[in-house]
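As a plain string of letters, each chain reads:
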Amino acid sequence: MPNIALELGKQSASFGVNSAYGEQQDVDGVRIVPVALSWSGFGGGNDDAGNGGGGGGGYAIPLGAYIRRGDDLRFEPNVVSLLAVAIPFIWVAGRSLSRVIRILKK
């Protein structure tokens, strides 16, 4: 039986930058490079009887795209993803800040 950790290591070598930045697309003279926030995790194991298994998973949030028109390069965010990440973050930050202020007042 092949070593699961080595196999996962070989497969995950192509993740990283390739999963965060998509392949460049050319549309009507405009170059577009999609950008995402991605992460993944893997696990595996076996017992003394030789039974083993493994699994993994990943997740990606599309953040936006780099767009080049001639000499102009800019990042255009994905508004839906920005709101999906920002709203819970702002709620947690506000809740935490209100509790810190309440503790400091005592």
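Everything here concerns the structure above.
Residues numbered from 1 in each chain as written. Predicted model: local features only at pLDDT ≥ 70, side-chain atom pairs only at ≥ 80, totals over all residues. Heavy atoms only, no water.

> Hey, could you go over the environment of Asp28 for me, with residue numbers and the actual values?
Mapped onto the elements, Asp28 comes out in the loop between β1 (25-27) and β2 (30-46). Considering only alpha carbons, one finds Asp28 and Arg69, 41 residues apart in sequence, at a separation of 9.8 Å. (Helix = DSSP H or I, 4+ residues; strand = E, 2+ residues; numbered from the N terminus.)

> Give me the lowdown on the environment of Tyr66, citing residues and values where you can.
Turning to its location among the elements, Tyr66 is positioned in strand β3 (residues 52-69). In contact with Tyr66, not counting residues within four places along its chain, are Tyr21, Arg31, Ile32, Val33, Val35, Leu73, Arg74 and Phe75. (Contact = heavy atoms within 4.5 Å.)

> Give a description of the sheet that holds strand β4 (residues 72-77) that names residues and reports values.
Reading across from one edge, β1-β2-β3-β4 is the order of the 4 strands in this open sheet, with antiparallel pairing throughout. Each edge of the open sheet is held by one strand with a lone partner, namely β1 and β4. Pairwise comparison of adjacent strand axes, ignoring direction, gives a mean angle of 30° for this sheet. Direction of pairing for β3 relative to β4: antiparallel, over a ladder of 6 bridges. Bridge pairing in β4 links Tyr66 to Phe75. (Pairing = 2+ DSSP bridges. Axes fitted to C-alpha atoms, helices over the stretch in contact; angles between N-to-C directions.)

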